[in-house]
Structure formats: C-alpha cells, structure tokens
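The chain contents come next:
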Amino acid sequence: MTNEQIIHIAHQLGFELVGFSKAEKLKDEIEHLQIWLDRNYQAGMSYMERNLDKREDVSKILDNAVSVISLGINYYTDHRHNQKEGYGKISRYAWGKDYHLIVWQKLDQFVDMCKEIDSSFQAKTYIDTGPVLDKVWAVRSGIGWMGKHTNVISKEIGSWFFIANVITNIEFNYNEPIADFCGNCTACIDACPTNAIVDEYIVDANKCISYLTIENKGEIPEEFKGKFDNWLFGCDICQDVCPWNIKFPQVTVEKEFYPRESELNLIEFDNMTNNQFKKKFADSPISRAKLKGMKRNADFIKKQYESFS
Ligand code: SF4
Ligand code: SF4
C-alpha cells in the first residue's frame, strides 16, 4: 500500500491534509505534557493525566502499530458572527453538526477503502476522543506546525481544521515536520483577553475562555468578569487574529460544517428543560457543555452587562 493510495482515499473523503509518521515513542512530547500537567494547566481536564503510557506509545493502543496517518479537514466558512445585543457567541467549530459525527463516518469509510486495497490493513482511528496526542502527531506528520496559541497551522488552510489520526500496522514513507512560521508574531498572545497564553506555545486552561465555557464543571471565576467579549461557548479570538487565517481563508467543501447557529440568545436557557436542551443540541458540539454549563455561561455574560449598566 502506498502513500499515494492513502492520499487519494483521504482526498476523496474530503480530508485536505494528509501526513505520515513512524509510530515511535513520544518521549520529548510526553515530558512537555508532564511539565504542563505539573503546573496544573489542564485545570479540570483530569482525563489528560490518565493513560500517559498510551499517549506516549501508540503500540499500547494497536500492538502492531507501525505508522500514524494524520488527516486534516477544513471547517471554515465565510460566515461572520452577528453581534446582536443579548446574544452570546459560539466558537466557529461548533456552528454546524458535531464534527465527531461527520468525521467518525469518514474514518470508517477510510478504513474500509484501505482494507479493499490491502486486506491486512489494521487501524485504530481517533478524533480528539482517546488517549492520543492528536496535535503532536499532526505536527510530526508535517501537515502543519504548532502555533504559539497551540493550535496546529497549515500553510495551505490556516488553523480552522479538525485533526484525525489513524494508527495502522502498515509501513509508509514518512514526512518530516515543517518549519515554524510564527516568526516574531505575537498577535494571538496579545489579543487573548484573559492572558491564557502564558508563554509562547503554552496555554493555561484555567484562564482560557474555551475551557471555562465548555469543559469546566465549576463556576467561572469572578476575575474574568468583563473579559469574555460575549463568548458563550468556546472562543476564537487567538485564531481570528492569526495572520495565517486572515491570509488564506478557504471555505470548506463539507456542507455539514455550514453554520446553523453562530450565536444564541442569552435568555434561551433560562426556562429550558434538560429534555429540550438534549433535543435541540443532540447533534451539536454544544451538548458537551450540558444545559447547566450553558446556563452558567449565559448568566456570566448577562452579569457583565449588569456591571456595565
Ligand atoms: S481561546 Fe480565547 S481565551 Fe483561550 S487562549 Fe485563545 S484567545 Fe485566549
Ligand atoms: S497569531 Fe502569530 S504567533 Fe499566534 S499562532 Fe498565529 S502566526 Fe503564530
């Protein structure tokens, strides 16, 4: 089985980016992760502390692992937030249907198509749901470099793409990581309203609006009052200001990523029941925050208005 065959399949399924890495142990990367964890920058995401052995060594996931194929799929559309009073902004990645549902289906098709070419093809596939360092593999495979905001950036399509990884038993020709094209730029660090990018390439989740409005199970600390810029679910500021996203925006060909809602009414959650929430957001990434989280986020933004009035 050749790189070209895999690239052809990936492109047929809509993955714009494809790269190949040898399934080696991630020694340096695990050391960096450990330092980040020791500083408690993972905040409440305790799952990051688990399965470090698998994160370091993908052969603990697929015992005959030889390669990792990294795939990137663009979700950018040229829609813009409509800054209506009383509404909170949704992060771009959550405007359409839940990307897991879209990409899982594509990954199943990807594996089936690979097996048609080579019946010995074995694979474990991931899109940010397992003990796999998605961004690390993407960088190793050369599909992009790690930006100072810690999102992977492609020279071709910027950073508005989802990363999937396929651990497989087949050998390929491997790519080299590409250069870091951030250069002297610090736009993301300067623009972050909560100073969550505590150093180049290091984000403290405790301060990140994305974490605070999605994964966070507790209250939003008062110190962030007035700093949320109306973000109700996630935050795109550091990616919005990145010159690589401004220079080369390319609209996705995947219609299911097209926006359904990019902002929500802040009073929408006041009287919503759990059943209504589940029904409305059943196939949306917003379900991740649960009704309780969305109510908390909406109340936090509403409080900011009150403090300004
Ligand atoms: S997502 Fe928002 S809060 Fe988090 S690092 Fe980027 S700009 Fe800062
Ligand atoms: S805004 Fe500048 S420093 Fe930040 S990721 Fe983009 S290019 Fe790198």
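Source: prediction; values computed, not measured. (Residues numbered from 1 in each chain as written. Chains lettered and ligands numbered in written order. Predicted model: local features only at pLDDT ≥ 70, side-chain atom pairs only at ≥ 80, totals over all residues.)

### Focus: the domain arrangement of the protein
Inference 1: Examined at the domain level, the protein breaks down into domain 1 (3–83 + 96–168) and domain 2 (187–308).
Inference 2: On a C-alpha basis, the centroid separation for the pair domain 1 and domain 2 is 23 Å.
Inference 3: Counting residues at the interface gives 34 residues for domain 1, matched by 37 residues for domain 2.
Inference 4: Elements with a contribution of two residues or more to the side of domain 1 that touches domain 2: strand E2 (67–74) and helix H4 (99–117).
Inference 5: In terms of residues, the side of domain 1 that touches domain 2 owes the most to one element, H4, which gives 3 residues. (Domains from an automatic or database assignment. Contact = placed C-beta atoms within 7 Å. Helix = DSSP H or I, 4+ residues; strand = E, 2+ residues; numbered from the N terminus.)

### Topic: the site of ligand 1
Inference 1: Taken together, the residues surrounding ligand 1 are His149, Cys192, Thr194, Ala196, Ile197, Val203, Cys208, Ile209, Ser210, Cys235, Ile237 and Cys238.
Inference 2: Secondary structure elements with two or more residues in the shell around ligand 1: helix H7 (209–213) and helix H8 (237–240).
Inference 3: Of the residues assigned to the shell around ligand 1, the class counts are 9 nonpolar, 3 polar and no charged. (Near = placed C-beta within 6 Å. Nonpolar A, V, L, I, M, F, W, Y, C, P; charged D, E, K, R; others polar.)

### Looking at the sheet that holds E2
One key point about sheets: their strands pair by backbone hydrogen bonds, in either a parallel or an antiparallel sense.
Inference 1: In spatial order, the strands read E1-E2-E7-E4; together these 4 strands make up an open sheet with antiparallel pairing. Pairing within the sheet leaves two strands with one partner each, and these edge strands are strand E1 (17–22) and strand E4 (123–126). Averaged over all pairs of adjacent strands, the angle between strand axes in this sheet comes to 20°, irrespective of strand direction.
Inference 2: One ladder, built from 4 bridges, connects E4 with strand E7 (residues 161–168); its direction is antiparallel. When the sheet's bridge partners are listed, Thr125 is paired in E7 with Val166.
Inference 3: Of the strands in this sheet, E1 and E2 touch helix H1 (residues 3–12), which is tilted by about 140° from E1.
Inference 4: Taken strand by strand, H4 contacts E2, E4 and E7, and its axis lies near 35° from that of E7. (Pairing = 2+ DSSP bridges. Axes fitted to C-alpha atoms, helices over the stretch in contact; angles between N-to-C directions.)

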